[in-house]
Amino acid sequence: MPLPSADFDPTESAVPWQILTERNFDVFFATPDGSPGQADERMLLGKGLGIWRPILIAHKNARVAYQKMINDERFRNPIPYRNLKPEDFSGLILPGGHAPGMKEYLESDALQKFVGTFFSTGKPLGAICHGVVLAARSKQPGTGLSILHGKKTTALLKSQELAAWNLTRLWLGDYYRTYPQTVEDEVRSVLKDPGDFFFGPKPVFRDSHKKLKRGHVVVDGNYVSARWPGDAYSFANSFINLF
């Protein structure tokens, strides 16, 4: 599970970590320089979210999972991006996040090369929210095409991204807009057919361990994708099913 130095989403990382470790998977982490990452504090604490705090903040179960994850020995000793080798791992999860610190993860040449090479092995790969942007930017070796070219996928919806931005931009500015182009538009631009992007049901309620049907995931071969923290439980379980 590669992460940036800061600003990754706590739910999209910690919920899959918790579910995987409960199923006896060994979860390793990677960061740009091998130092432990730090999640987006606003998602953890709710500071600055105003009246929308109850809706936008990471839910309690995710915050509890995050506190457990950051005490994990492998989280405290991540692998530098440059040392990642596809043969060392049986699966790959790409979490999301929208705050500015995500750019070093989304724009890393070393990480994009690793993701592209890993995907070509046919081993399971999962991407959620902005993690799908990293997948979209990663190329199939020797082709110049995105690894998502010819795949069915979902990602953070334009309606979700713009709604969060419009609700908070008066005091948070572009906090919810990582790039001028929305996640949905960038992902759809690399697909073989824009119709390969699946929106799913309206994302109103978050899923949970007991309410997996609230989540929306798209599975295509060795690849599973999801839209937002509200899909995290369904996403993690679908990823495990790929094994």
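Just so it is clear, the model here is predicted, and its values are computed rather than measured.

Peer 1: Help me out: how do you make sense of helix H11 (residues 232-241) in this one?
Peer 2: Residues spaced three or four apart along an α-helix point in a common direction, a consequence of the helix completing one turn every 3.6 residues. In terms of burial, H11 is a largely internal element, nine of the ten residues being buried. Regarding H11, the residues found buried are Ala 232, Tyr 233, Ser 234, Phe 235, Ala 236, Asn 237, Ser 238, Phe 239 and Ile 240. Taken together, the buried residues of H11 touch helix H1 (10-22), helix H4 (60-69), strand E5 (92-94), strand E6 (125-128), strand E7 (217-220) and strand E8 (223-226).

Peer 1: Could you clarify how one ought to interpret unusual backbone geometry in this entry?
Peer 2: What you tend to see is this: most non-glycine residues have negative phi, and most peptide bonds are trans. Phi is positive for Asn 24, close to 70 degrees, though the residue is something other than glycine. Position of Asn 24 among the secondary structure elements: in the loop between H1 and strand E2 (30-31). We note that Cys 129 has phi near 60 degrees; this positive angle belongs to a residue other than glycine. The residue Cys 129 is located in the loop between E6 and helix H8 (131-137) in this model. Residue Cys 129 is classed as buried on the basis of its relative accessible area, which comes to 6%.

Peer 1: Could you clarify how one ought to interpret the packing of aromatic side chains in this entry?
Peer 2: Pairs of aromatic rings are described using the distance from one ring centre to the other and the angle between the two planes. Evaluation of the coordinates by the stated rule reveals ten aromatic pairs. Note on Phe 114 and Phe 118: the rings are 6.0 Å apart at their centroids and 45 degrees apart in plane angle, and the pair reads as tilted. Of this pair, Phe 114 and Phe 118 both sit in helix H7 (residues 109-120), four residues apart, which is roughly one turn of that helix. Each member of the pair Phe 114 and Phe 118 is classed as buried. The ring centre of Trp 165 lies 4.9 Å from the NZ or CZ of Arg 177, which sits over that ring.

The rules behind these values
Residues numbered from 1 in each chain as written. Predicted model: local features only at pLDDT ≥ 70, side-chain atom pairs only at ≥ 80, totals over all residues. Heavy atoms only, no water. Buried < 20%, exposed > 50% of the residue type's maximum accessible area, 1.4 Å probe, protein only. Helix = DSSP H or I, 4+ residues; strand = E, 2+ residues; numbered from the N terminus. Contact = heavy atoms within 4.5 Å. Phe/Tyr/Trp six-rings, centres within 6.5 Å; stacked < 30°, edge-to-face > 60°. Lys NZ or Arg CZ within 6 Å of the ring centre and 35° of its normal.

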